[in-house]
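Below, each chain spelled out in residue letters.
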Amino acid sequence: MLFRSSITDGSIGDATTFTVRPAALTAFVTDDLADQTAGVTTSVSATPYDAYGNVKTDYGIGSARLVGSALERSPGCASCSPALAARDGSAGTAEWLAGSSTIRFPAAVFYRAGSATVAISDGTVSDATTFTIRPGAELRGLTISDTDGTRGRESLTTGDRTAGITFDLRVTAYDAYGNVNSGYAGGATLSGLRASPGCTGCAPDLPAEAPDYGSPGWSGGIGVYAGVVAYEATSGVRLTVLDAASAVSNTTGTFTVRPATLSGLTLTSRTDGTVATARSATDRAAGTGNAVRDQTAGIAVSVTVTAFDRYGNLKTDYAGGARLDGSAFGSSPGCSPCGRSASSGDRSSGTWSGGTGRYRVTFYDASPSASLSVDRKSTRLNSSHVSESRMPSSA
């Protein structure tokens, strides 16, 4: 500041003009910042002062730099598809506004969402202002996880499920920098589950069931999909989440849906274990009519029993226990004049693997209407009726 000083003795005096410069820098006063949005350029400015409250008009740019948590790296999202890179905040280049004696960083960019501070600092001299950085407005990533909040597309690889049992999933939305997009209110849908096959050869029929993706509830960029149900028992299941409006999606790693409890058994004499389904309504109601072929007395045959859960899935974890029964195992009449004694039907206990049991059986009583049934602990689940005549053995 320019000063004029004089010495006078009445009418005699002399004056000189000089400048009093500000003292050393002792403080910055940083202008308050309104809330900011991640990834959007903003300006940060401060005024320098000396110890006596004078604006330090001769500061220039000095050694000023921008510091604070606002410049910290954003989290990124490695599990998003594609992955979202973490970004460090950028201060840009400082400029000195001589007219207002203000130092300014006109092109600062912040990327980490949340409460933040920023300050213009010159070594030990600084002044911080606190504000909030909002997530970017655009949806750029989605992840699916169990409701414990584990992030990552691999989080479900060990989360095996059981058909018909509900479970919950968490879907998280992200901005371009991996911040949770707290402004996202939903719209993402789940897919990837298929209907169960059902079993029209079981008695009674086991209907197919379509999957249920639950009821989503969104808050703060996190959606909980409560009551998800898978009905098809299979391995290699993947769930996909998609926001069609933003064309943003992601897919989990694989997991397995196990079959539910045993609810159906079928019989067939076909070695491939397939079940005939062309039954009349009467047969279906009575639980009869599966296709065991006509047999010849005294000739061993392989009978296949297949286990199903209540949704018609092959019950691959069923280890056996089903018992064959029916009039087909009755005794033959024998023939005293022929020297032939009566013989009762033979049955093996069955060898089970992957939900299918192989039984080696022999029938001896020739009958035009022999029946064969299978049950579990005396609870009848299905039966097969041989309606055509069987010829006696020629032996």
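1. Some points on unusual backbone geometry
Next, step 1: Pro82 follows Ser81 through a cis peptide bond whose omega is -5°.
Next, step 2: Position of Pro82 among the secondary structure elements: in the loop between strand 6 (65–67) and strand 7 (95–97).
Next, step 3: A cis geometry characterises the amide bond from Ala203 onward to Pro204, with omega recorded as 0°.
Next, step 4: Tracing the backbone through its elements, the reader meets Pro204 in the loop between strand 14 (189–191) and strand 15 (212–219).
Next, step 5: Positioned with a positive phi, Ser101 is a non-glycine residue whose angle comes to about 50°.
Next, step 6: Note on placement: Ser101 falls in the loop between strand 7 and strand 8 (102–108).
Next, step 7: Judged by its relative accessible area of 7%, Ser101 falls in the buried class.
Next, step 8: Within the chain, Ala247 stands out as a residue other than glycine whose phi angle is a positive 55°.

2. Quick look at the side chain of Thr42
Next, step 1: Residue position: Thr42 is located in strand 5 (residues 42–50).
Next, step 2: Residue classification places Thr42 among the buried residues on the basis of a relative accessible area of 11%.
Next, step 3: Residue contacts for Thr42: discarding those within four places in its chain leaves Leu33, Gln36, Phe105, Pro106, Ala107, Ala108 and Phe110.

3. Quick word on the sheet that holds strand 11 (residues 141–146)
Next, step 1: Spatially, the four strands line up as an open sheet ordered 11-13-16-15, and their pairing is antiparallel. The open sheet terminates on both sides in strands that have one partner only, identified here as strand 11 and strand 15. When strand polarity is set aside, the average angle formed by the axes of neighbouring strands in this sheet is 25°.

4. Examining the confidence of the model for the protein
Next, step 1: Here the protein averages 84 in pLDDT, while 83% of its residues score no lower than 70.
Next, step 2: Strand 4 (residues 36–37) holds the highest mean pLDDT among the elements of the protein, 97, whereas strand 28 (residues 379–385) holds the lowest, 44.
Next, step 3: Low pLDDT (under 50) marks residues 270–289, which in the prediction has 42 contacts with non-local residues, meaning those over four places away or in another chain.
Next, step 4: Confidence drops under a pLDDT of 50 for residues 377–395, and excluding neighbours within four residues, the segment shows 71 contacts in the predicted structure.

5. Quick look at the state of the cysteines
Next, step 1: For the structure shown, the criterion picks out three disulfides.
Next, step 2: When the cysteines engaged in disulfides are numbered in sequence order, the protein pairs them as 1-2, 3-4, 5-6.

6. Quick word on the packing of aromatic side chains
Next, step 1: Evaluated as defined, the whole model comprises ten aromatic pairs.
Next, step 2: Geometrically, the ring pair formed by Phe110 and Phe131 is tilted, given 5.7 Å between the ring centres and 45° between the ring planes. Here Phe110 is found in the loop between strand 8 and strand 9 (114–122), whereas its partner Phe131 is found in strand 10 (residues 125–134), with 21 residues between them in sequence. Per residue, the accessibility class of Phe110 equals that of Phe131, and both read buried.

7. Notes on the sheet that holds strand 8
Next, step 1: Across the sheet, which stays open at both edges, the four strands sit in the order 3-5-8-7 with antiparallel pairing between neighbours. This sheet does not close on itself; its edge strands, each paired only once, are strand 3 (25–30) and strand 7. Sheet twist, expressed as the average angle between the axes of neighbouring strands with direction ignored, equals 30°.
Next, step 2: Note that strand 3 and strand 5 share five bridges and pair antiparallel. When the sheet's bridge partners are listed, Ala27 is paired in strand 5 with Tyr49.

8. A few points about the pattern of salt bridges
Next, step 1: Considering all chains together, one arrives at ten salt bridges under this definition.
Next, step 2: Note that Asp58 is salt-bridged to Lys56, the shortest N-O span being 3.1 Å.
Next, step 3: What makes Asp58 partly exposed here is its relative accessible area of 42%.
Next, step 4: In this structure Lys56 comes out as buried when scored by relative accessible area, which is 11%.
Next, step 5: With a shortest N-O distance of 2.6 Å, Asp146 and Arg161 are connected by a salt bridge. On the criterion of sequence distance, the pair formed by Asp146 in strand 11 and Arg161 in strand 12 (residues 161–162) is long-range, its members being 15 residues apart.
Next, step 6: Note on Arg161: relative accessible area 16%, which makes it buried.

9. So, the environment of Asp309
Next, step 1: Turning to its location among the elements, Asp309 is positioned in strand 22 (residues 301–309).
Next, step 2: Considering only alpha carbons, one finds Asp309 and Gly198, 111 residues apart in sequence, at a separation of 9.0 Å.
Next, step 3: Sequence-distant contacts of Asp309, that is, excluding residues within four places in its chain, are made with Ala163, Leu206, Pro259, Ala260, Thr261, Ser263 and Lys315.
Next, step 4: At 2.8 Å, the side chain of Asp309 forms a polar contact with the backbone nitrogen of Ala260.
Next, step 5: Within the structure, the side chain of Asp309 is placed 2.9 Å from the backbone nitrogen of Asn313, a separation counted as a polar contact.

Reading the values: the criteria
Residues numbered from 1 in each chain as written. Predicted model: local features only at pLDDT ≥ 70, side-chain atom pairs only at ≥ 80, totals over all residues. Heavy atoms only, no water. Helix = DSSP H or I, 4+ residues; strand = E, 2+ residues; numbered from the N terminus. Buried < 20%, exposed > 50% of the residue type's maximum accessible area, 1.4 Å probe, protein only. Contact = heavy atoms within 4.5 Å. Pairing = 2+ DSSP bridges. Axes fitted to C-alpha atoms, helices over the stretch in contact; angles between N-to-C directions. pLDDT = per-residue confidence, 0-100. Disulfide = S-S within 2.5 Å. Phe/Tyr/Trp six-rings, centres within 6.5 Å; stacked < 30°, edge-to-face > 60°. Salt bridge = Lys/Arg side-chain N within 4 Å of Asp/Glu carboxyl O. Polar contact = N/O pair within 3.5 Å; in protein donor to acceptor, adjacent residues only side chain to side chain.

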